[in-house]
Each structure stands twice: as structure tokens, then as C-alpha cells.
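As a plain string of letters, each chain reads:
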Amino acid sequence: MMKKLAMIAAAAAMVLPLGLGAIAPEKAETTAFAATKVAAKKTTLTLLSSQSLKKTAYHVKSGKPVLYSAAFAADRAKVTLAKKGTLATGKTYYATKKIVVKTKATKRAAAKKVAYAYIKSTNGKVKGWVACSKLVAGKATVTAKAADKIASKTYTLVSAKAIKKAAYHFKGTQPAVFTGKFAADRAKVTLTKKGLLPESKTYTATKKMTIKKNKKNVKYLYISKQGWVKASTLTAGKFMAAD
């Protein structure tokens, strides 16, 4: 029995690289999907198997699956999962590793096997382990039908002007993109959501406007070939793979 456990632990160490493997716990990254800081709730489980996967696209169909960091024991077939945030719908992740663990039996439920996949967002900023049952194969898509259901809203226009062309990109969650319809006879603009800004690209802003939203001034930038995007969701400069 001890020989079998040692073999499983050794296999995990080979499949999972340093920093995610048997020697050291994964570094706790800040996930763009966590709306607030989440207290780390750790649980140690029996590691049954581990394997590398061909890089495969997945997305979340519904809900907010928990994202975990994982620390693998060096001398036994154990893995400790710690909650680090949650995932949201509308984004594509890529799975490269998979483990199968055995949960602990409780008074209400028997022990069971659960598979977890190691995923990364397209820009590599968000990464961790998530239950395979919470993922759906394929890239996330934003359908026109879903966008059409979002009602338009009219705001007071504080100011609007053309600006010198400037490069922007975003980090983390994909920002919403809006069409803007300006009133001809009054300082009003109607924004209608048309979808999400595509990932891993550099965008060019050519216009800027400020609107009154909930009694506060909010700035938007016009992104060429896309639409209006809230300025606070964008970062100045070109997109870099390391972002």
C-alpha cells in the first residue's frame, strides 16, 4: 500500500511543475474573477491520479465555480486545496492538467471521486484548479441574441471630445462594449450594450466622453471598430503577453 502511494505522489511531482507540484505550494495570485477578497479555506484530500492534458478550451456555463490553489505533498499522495476566488461566465480558459481526488466521508455523504482541471485565462493572468464538472468544452461566446435583451439606458452627457489616438488594453475581466446614440437637441446619450471587448489585443481610443451616472461623473473611451468602453476598465499602453 505504501509503495502504491509513493508511486502516485511521484507521478504527481512529474506532471505538476515546481510551484504547483509536490515541493512548494502554488503562489497565491490575485484573480480578476474574485469580486472581493476570499478567505482561504483549505482542505486536504487523497490524490488518486494526475496527468497532463492537451491544451483544451473550456468555459463556465453558469454560476460561479470556485477557483483553488493546490499544494502537493512530497512524501505522500495528498493534495491541499485552498479557495482563492471564483470564476465567471463569458470567458475562455485553457486546461493543461487534471487530477482526481477522493473526498472525505461525512455524516451526510460518503466519500467520492472528484476531478479537477488546472486552467489559465487567455492572458495567463488568472490560473488555478476548478472542478471539471463546472466546465464546458469550447470557447465562450457572446451571442447577439443575449446582447439584444439588454435594455438601453439614457444618461446626461457632461462632455465629449475627440482625443489624440492612444493605445489601450485590459487586464482581467472582459469590459462591456456599448453603442452610443447622442441626442440632437439636448445633452443626452443612450448607451446599449453590444457585447464584450475581445481578449489579448491592443485597442485604439479616438474619443472621450463623460456622463452622469448615479450622480457621479463616469468617463468612457471610444475604441475604434468596437464602441464605447468604460475608461476605468482599460489600461494605457499596448497589450503584452505577460500582462
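K.L.:
What is the right way to read the overall build of the protein chain from this model?
P.N.:
A count of helical and extended segments in the protein chain gives 2 helices and 14 strands. Taken across its 243 residues, the protein chain has 36% of its residues classed as buried. A separation of at least 24 residues holds for 67% of the contacts in the protein chain among residues at least 6 apart in sequence. Total accessible area computed for the protein chain in this model is approximately 14600 Å², and 55% of it derives from carbon and sulfur atoms.

K.L.:
Got a minute to help me understand the nonpolar core in this structure?
P.N.:
Proteins that are soluble and globular tend to have nonpolar side chains buried together. One finds Phe 72, Val 79, Leu 81, Ile 99, Val 101, Tyr 116 and Trp 129 to be the most contacted residues of the largest nonpolar core, which totals 15 residues. Every element with two or more residues in this core is listed here: strand 1 (42–60), strand 2 (66–72), strand 3 (78–86), strand 4 (92–102), strand 5 (113–121) and strand 6 (127–131). Every residue in contact with Tyr 116, bar those within four places of it in the chain, is listed here: Tyr 68, Leu 81, Lys 97, Lys 98, Ile 99, Val 101, Trp 129, Val 130, Ala 131 and Cys 132.

K.L.:
Hey, could you run me through the packing of aromatic side chains in this one?
P.N.:
The relation between two aromatic rings is expressed through the spacing of the ring centres and the mutual angle of the planes. Scanning the model with the defined rule gives 6 aromatic pairs in all. Between the aromatic rings of Tyr 222 and Trp 228, the centroid separation amounts to 5.3 Å while the plane-to-plane angle is 65°, which identifies the pairing as edge-to-face. Tyr 222 gets classed as partly exposed once you look at its relative accessible area, which sits at 25%. The exposure class of Trp 228 is buried, given its relative accessible area of 6%. Connected via pairs of aromatic rings, a cluster forms that spans Phe 72, Tyr 118 and Trp 129. For Lys 55, the ring lying beneath its charged end belongs to Tyr 94, and the centroid distance is 5.0 Å.

K.L.:
Any chance you could explain the pairing of strand 12 (residues 216–223) here in plain terms?
P.N.:
Across a regular strand the side chains alternate sides, sitting on one face of the sheet and then on the other. Sheet topology note: the strand 11 (residues 203–213)/strand 12 ladder contains 8 bridges and is antiparallel. Residue pairing in the sheet places Lys 212 in a bridge with Asn 217 of strand 12. Hairpin connection, strand 11 to strand 12: the antiparallel pair is bridged by 2 residues, and Asn 214 has positive phi, about 55°. By the bridge criterion, 4 bridges tie strand 12 to strand 13 (residues 227–230) in an arrangement that is antiparallel.

K.L.:
Explain the side chain of Thr 92 here, please?
P.N.:
Checked against the element boundaries, Thr 92 lands in strand 4. For Thr 92, a relative accessible area of 7% puts it in the buried group. Those residues in contact with Thr 92, other than ones at most four positions away along the chain, are Ala 57, Tyr 58, Lys 120, Ser 121, Thr 122, Lys 139, Ala 140 and Glu 199.

K.L.:
Please clarify how the environment of Pro 198 should be interpreted in this entry.
P.N.:
Checked against the element boundaries, Pro 198 lands in the loop between strand 10 (188–196) and strand 11. Since its relative accessible area comes to 26%, Pro 198 is described here as partly exposed.

K.L.:
Explain the pattern of salt bridges here, please?
P.N.:
Once their charged atoms are close, side chains differing in charge can pair, the charge on each being opposite to the other. For the structure on display, the rule yields 1 salt bridge. Its salt-bridge partner being Lys 91, residue Glu 199 comes within 2.6 Å of it at the nearest N-O pair. Placement of Glu 199 in the loop between strand 10 and strand 11 and of Lys 91 in the loop between strand 3 and strand 4 is noted, with a sequence separation of 108 residues between them.

K.L.:
I would appreciate a short explanation of the pairing of strand 10 in the present structure.
P.N.:
Sheet topology note: the strand 8 (residues 153–169)/strand 10 ladder contains 4 bridges and is antiparallel. Of the residues in strand 10, the one forming a bridge with Thr 154 is Thr 190. Pairing geometry for strand 9 (residues 176–182) and strand 10, over 7 bridges, is antiparallel. Paired with Val 177 across the two strands is Gly 195, which belongs to strand 10. Linking two consecutive strands that pair antiparallel, namely strand 9 and strand 10, is a turn of 5 residues.

K.L.:
Is there a simple way to explain the side chain of Lys 91 in this structure?
P.N.:
Using a relative accessible area of 3% as the deciding quantity, one classes Lys 91 as buried. A distance of 2.6 Å separates polar atoms of two side chains, one belonging to Lys 91 and the other to Glu 199.

K.L.:
What is the right way to look at unusual backbone geometry in this model?
P.N.:
Glycine aside, a negative phi is what most residues show, and trans is what most peptide bonds show. Even without being glycine, Asn 214 reaches a positive phi, approximately 55°. Residue position: Asn 214 is located in the loop between strand 11 and strand 12. The backbone of Lys 215 shows a phi angle near 70°, a positive value even though the residue is not glycine. With respect to the secondary-structure elements, Lys 215 resides in the loop between strand 11 and strand 12. Lys 215 gets classed as exposed once you look at its relative accessible area, which sits at 81%.

Conventions used here
Residues numbered from 1 in each chain as written. Predicted model: local features only at pLDDT ≥ 70, side-chain atom pairs only at ≥ 80, totals over all residues. Heavy atoms only, no water. Helix = DSSP H or I, 4+ residues; strand = E, 2+ residues; numbered from the N terminus. Buried < 20%, exposed > 50% of the residue type's maximum accessible area, 1.4 Å probe, protein only. Contact = heavy atoms within 4.5 Å. Areas by Shrake-Rupley, 256 points an atom, 1.4 Å probe, with all protein chains shown as cover. Core = buried A, V, L, I, M, F, W, Y, C linked by side-chain atoms within 4.5 Å. Phe/Tyr/Trp six-rings, centres within 6.5 Å; stacked < 30°, edge-to-face > 60°. Lys NZ or Arg CZ within 6 Å of the ring centre and 35° of its normal. Pairing = 2+ DSSP bridges. Salt bridge = Lys/Arg side-chain N within 4 Å of Asp/Glu carboxyl O. Polar contact = N/O pair within 3.5 Å; in protein donor to acceptor, adjacent residues only side chain to side chain.

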